[in-house]
Amino acid sequence: MKTILVTGGTGYIGSHTVVSLIENNYEVIIVDNLSNSKLEVLNRIEKITGKKPVFYQISVQNKDEMRQIFEKYHIDAIIHFAGLKSVKESVEKPDLYFSNNVGSSKVLLELMDEYNVKNLVFSSSATVYGVPKRVPLYEDDPIGGCTNPYGQTKVDIEILLNEYYKTHKDSNIAILRYFNPIGAHSSGLIGEDPQGVPNNLMPYITQVAVGRLPYLNINGNDYKTVDGTGVRDYIHVVDLASGHLSALKKLEEKPGLVIYNLGTGKGTSVLELVHAFEKANKIKIPYVIAPRRPGDVDENYANCDKAWKEMGWKAKLDIVDACRDSWRWQSKNPNGYDK
Ligand code: WQD
């Protein structure tokens, strides 16, 4: 398997995965509409790997434009990251999320069928499990009952992939359910660069640390958890990237449709992450206790035995590594990819 089409490849997880792909001698074609990422990421990928990936600024939903990629290149596999991913925005703009996320996946499957592309890795999310009945979460736990349209789009796409597989049994599809990605490449050259005020916890913490935000609002401290604050499974984005390479290798065994949780198997509370960040970087993070966020769950973390058993993949980095790496990225790039 040589040439990989990476949709959303200039994004946070996409860019880290592209670095790993290039370092493992894959040819990479990135398609991204730059709606939530910057062209500068390509220069940073080149600085890290010595190679600038082929790039097309295209919306995956645009079938005619996407067709030119399938006409021009022999694509061995697709890693599909492209999609809108703000839980909050999905509540405000559900139609946009369904047309963009589900619509683009439909276009990809139609083109895969037409051009006989057999391998797909799909970027799914722990939100597909909805409100967990218990933790840790296993891949055969029921999905659905999502607390937001973003999560529902991921459920709908997983259903689409299962339907597609029923009539394309010679395809190999890996659905990867990410938990909470944090951290950055050790070079500090690429990292998480959310537009506007961050929704997610770690970029909010690093923006407080670098002085862009005054203090952290901890959304609720009355959850049924170790210290009352929300517990999540924070996985280092570099481990997440390596999980995609393991999935590509797995697809070479022609497994059909497979599903894996990509997490650490460990839950960490908001306060534990804040304290780990403070200790790792010797920086104080001021915070206030704020009201709960609608849709937040008490606890959400993974059982990742299946990925280890079937792909030989497990997370190697921990939250201290992630706190250090996230800070190195943010302190070197106080305004993200903007100068
Ligand atoms: C984590 C914890 C918050 C911000 C979402 C998506 C998931 C994935 C990751 C895409 C919670 C608390 C947060 C803040 C806080 N995205 N928090 N103050 O909601 O677990 O998951 O992002 O795939 O699909 O659902 O991540 O980082 O927003 O929140 O106290 O300013 O931090 O309440 O307990 P979440 P998060």
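In the block above lies the structure referred to throughout.
Everything quoted here is computed from the prediction, not taken from an experiment.

1. Focus: the pattern of salt bridges
Part 1 of the reasoning: Under the definition given, this model contains 19 salt bridges.
Part 2 of the reasoning: Across the pair Asp170 and Lys118 runs a salt bridge, and its minimum N-O distance is 2.7 Å. Of the two residues, Asp170 is situated in the loop between α6 (149-166) and β6 (172-178) and Lys118 in the loop between α5 (94-114) and β5 (119-125); the sequence distance between them amounts to 52 residues.
Part 3 of the reasoning: On the accessibility criterion, Asp170 (45% relative accessible area) is partly exposed.
Part 4 of the reasoning: Each of Lys2, Glu27 and Lys51 takes part in a single network of salt bridges with overlapping partners.

2. Concerning the state of the cysteines
Think of a disulfide as a covalent bridge from one cysteine sulfur atom to another cysteine sulfur atom.
Part 1 of the reasoning: Scanning the entire structure with this criterion turns up zero disulfides.
Part 2 of the reasoning: Free of any disulfide, Cys146 has its nearest neighbouring cysteine sulfur in Cys304, separated by 19 Å.
Part 3 of the reasoning: Cys323 takes part in no disulfide bond, and the closest cysteine sulfur to it belongs to Cys304, at a distance of 19 Å.
Part 4 of the reasoning: In this structure Cys323 comes out as buried when scored by relative accessible area, which is 0%.

3. Regarding the packing of α5 against α6
Part 1 of the reasoning: The interhelical angle for the contact between α5 and α6, taken along N-to-C directions, is 20°, at an axis separation of 9 Å. In terms of axis orientation, α5 runs roughly parallel to α6. Between α5 and α6 lies a crossing whose hand is right-handed. Of the residues in α6, those in contact with Pro94, Tyr97, Phe98, Asn101, Val102, Ser105, Lys106, Leu109, Met112 and Asp113 of α5 are Pro149, Tyr150, Gln152, Thr153, Asp156, Ile157, Leu160, Leu161 and Tyr164.

4. A word on unusual backbone geometry
Part 1 of the reasoning: Here the residue pair Val135 and Pro136 is connected by a cis peptide bond, since its omega of 0° sits within 30 degrees of zero.
Part 2 of the reasoning: Structurally, Pro136 is set in the loop between β5 and α6.
Part 3 of the reasoning: Positive phi outside glycine occurs at Asn116, with the angle close to 60°.
Part 4 of the reasoning: Residue position: Asn116 is located in the loop between α5 and β5.
Part 5 of the reasoning: For Asn116, a relative accessible area of 52% puts it in the exposed group.
Part 6 of the reasoning: Within the chain, Lys282 stands out as a residue other than glycine whose phi angle is a positive 50°.
Part 7 of the reasoning: If you trace the backbone, Lys282 turns up in the loop between α9 (270-281) and β13 (287-290).

Parameters at a glance
Residues numbered from 1 in each chain as written. Predicted model: local features only at pLDDT ≥ 70, side-chain atom pairs only at ≥ 80, totals over all residues. Heavy atoms only, no water. Salt bridge = Lys/Arg side-chain N within 4 Å of Asp/Glu carboxyl O. Helix = DSSP H or I, 4+ residues; strand = E, 2+ residues; numbered from the N terminus. Buried < 20%, exposed > 50% of the residue type's maximum accessible area, 1.4 Å probe, protein only. Disulfide = S-S within 2.5 Å. Axes fitted to C-alpha atoms, helices over the stretch in contact; angles between N-to-C directions. Parallel < 35°, antiparallel > 145°, perpendicular 65-115°, else oblique. Left-handed = near helix turned anticlockwise from the far one by under 90°. Contact = heavy atoms within 4.5 Å.

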